[in-house]
Amino acid sequence: GLLSQDLQPGTCARTFLLGPRGKLRALAWAIVDEDEVLLVSESPDALVGDLSRYRIRVKAEIEHDARPVRLLVGSLADGALPEPPPDGGWVVGEGWTVADLTVHGRRRRLLVGDVPLGDVTPVGDLAASALRIELGEPRMEVDVDESTIPQETGLVDASVSFTKGCYLGQELVARIDSRGRVNQRLVGIRLTDAVIPPIGADVVFDGDAVGRLTSVAESLDLRAPVGLAVVRREAEDGAAVTVSWEGGSAAAVVAGLPLH
C-alpha cells in the first residue's frame, strides 16, 4: 500500500514511492521474495525514512542495506556472473543478488553485494551517463525531483499498477490517467550541432524557453551529443529546438525515449 507497483512475491519491477499528494519521493527497483523486499534506489534515505513513518500491517523491519550496487550492461559479460532468469528474475547467493533489469531490449544486470566479476572492466561517469540518457532513465534530484508528477517521468507504465488498489499518492496518478495529461514531460534532446552544452542550458522552441537540460553526454551509438530535459508539451517529438546558454547555443531535436 505504500508503493505504486503491484509487487507480488517472485517479481522484480520498477516502482515509485510517492508523497501523500502524489509527487515523487523516490524511484526504485523492487525485488520481492516471500519474506523480504529489496528496494534499490539512489534515494535510500527517503525510502527508509518514509517507509518507517507509516504503520505497516505485518511485522516488518526496514533498514538501509549498505552493500555495493552496480549495473552490468551488454552481452560481453556473459558467463562472468550467475545468470538470473529472464523477464525480471533474480538469483541469490551468499551475500549477493543478481537481478535482470533488461529494458528496451538492452541487456542489464543489477548486482547487489560482492558479486565476482572476473575480467569485467568498470566504465566512467561519462559512459554511464550516455547509456542512461539513451535509455531515458531519469535520476532523482537531477532530472526529476520532489515536485515531479509521475506522468512527467515517462515511467508510469512500468512503475504503476492501476489494478492493485490504494497506494500512497494514488489519487493524483489516477486522476491524471483518467481525465487528462500533464503539461510537461521528460524527453530526449539530440544535438544536431557537434557541441556538448552545459547542464542547465535552456531548451528554446518557437522563441520561448520550454525547459532546461538536466543531463548531457556524448552518445557513441548515435554519434551525437544527447541529453535529457523536462519540456512543455508544445515541444513535441521531432520538434526542432535550440539549446541556449550564456555564451553559446546549438541546434537540437526533441526525441522520444528511448533514444535510437
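Description of the structure in this document.

**Examining helix H4 (residues 170–179)**
Of the residues making up H4, those classed as buried are Leu 172, Val 173 and Ile 176. Seen along its axis, H4 keeps its buried residues to an arc of 100°; they face one direction. Opposite the buried face of H4, by more than 90 degrees, sit the exposed residues Glu 171, Ser 178 and Arg 179.

**What to know about the nonpolar core**
By size, the foremost hydrophobic cluster in this structure holds 17 residues, and its most contacted members are Ile 189, Val 203, Val 231, Val 243 and Val 254. Ignoring sequence-local partners within four residues, the contact set of Val 254 consists of Arg 185, Val 187, Gly 188, Ile 189, Ala 235, Glu 236, Asp 237, Gly 238, Ala 239 and Val 241. Formed by 13 residues, the second largest nonpolar core is a distinct cluster that contains Trp 29, Val 103, Val 112 and Leu 135.

**Thoughts on the pattern of salt bridges**
One pass over the full model with this rule turns up 16 salt bridges. We note a salt bridge from Arg 108 to Glu 137, for which the minimum N-O separation is 3.2 Å. Residue Arg 108 is located in strand E7 (residues 108–112), and its partner Glu 137 is located in the loop between helix H2 (125–135) and helix H3 (156–159); the two are separated by 29 residues in the primary sequence. With respect to burial, Arg 108 and Glu 137 carry one shared label: buried. Here the residues in one salt-bridge network are Arg 25, Asp 50, Arg 53 and Glu 146, joined through shared partners.

**A look at the pairing of strand E12 (residues 240–245)**
Two faces, one strand: in a regular strand the side chains alternate between the faces of the sheet. With three bridges joining them, strand E9 (residues 202–205) and E12 adopt antiparallel strand pairing. Residue pairing in the sheet places Asp 202 in a bridge with Ser 244 of E12. Pairing analysis gives six bridges linking E12 to strand E13 (residues 248–255), with the strands arranged antiparallel. Residue Ser 244 lies in a different strand from E13, and its bridge partner there is Ser 249. The turn linking E12 back onto E13 is made up of two residues, and Gly 247 within it adopts a positive phi angle of 95°.

**Brief notes about a nonpolar patch on the surface**
A cluster of nonpolar side chains, contributed by Ile 56, Val 58 and Ile 62, occupies part of the molecular surface with about 230 Å² of accessible area. Structurally, the position occupied by Ile 56 is in the loop between helix H1 (44–53) and strand E4 (69–73). What makes Ile 56 partly exposed here is its relative accessible area of 34%.

**Notes on a negative patch on the surface**
Taken together, the side chains of Asp 33, Glu 34, Asp 35, Glu 36, Glu 61 and Glu 63 make up a negatively charged region of the molecular surface. One can find Glu 63 in the loop between H1 and E4. Judged by relative accessible area, Glu 63 falls into the exposed class, the value being 66%.

**A look at the sheet that holds E7**
The four strands are arranged E4-E7-E6-E5 in an open sheet whose pairing can be described as antiparallel. Two strands close off the open sheet at either side, each with one partner strand: E4 and strand E5 (90–93). Neighbouring strand axes in the sheet, compared pairwise and without regard to direction, differ in orientation by 15° on average. The pairing of E4 with E7 spans five bridges and is antiparallel.

Calculation criteria
- Residues numbered from 1 in each chain as written.
- Predicted model: local features only at pLDDT ≥ 70, side-chain atom pairs only at ≥ 80, totals over all residues.
- Heavy atoms only, no water.
- Buried < 20%, exposed > 50% of the residue type's maximum accessible area, 1.4 Å probe, protein only.
- Helix = DSSP H or I, 4+ residues; strand = E, 2+ residues; numbered from the N terminus.
- Arc of directions from axis to C-beta.
- Core = buried A, V, L, I, M, F, W, Y, C linked by side-chain atoms within 4.5 Å.
- Contact = heavy atoms within 4.5 Å.
- Salt bridge = Lys/Arg side-chain N within 4 Å of Asp/Glu carboxyl O.
- Pairing = 2+ DSSP bridges.
- Patch = residues over 30% accessible without salt bridge, like charges linked within 9 Å, V, L, I, M, F, W, Y side chains within 5 Å.
- Areas by Shrake-Rupley, 256 points an atom, 1.4 Å probe, with all protein chains shown as cover.
- Lys, Arg positive; Asp, Glu negative; His and termini not counted.
- Charge placed at Lys NZ, Arg CZ, Asp CG, Glu CD.
- Axes fitted to C-alpha atoms, helices over the stretch in contact; angles between N-to-C directions.

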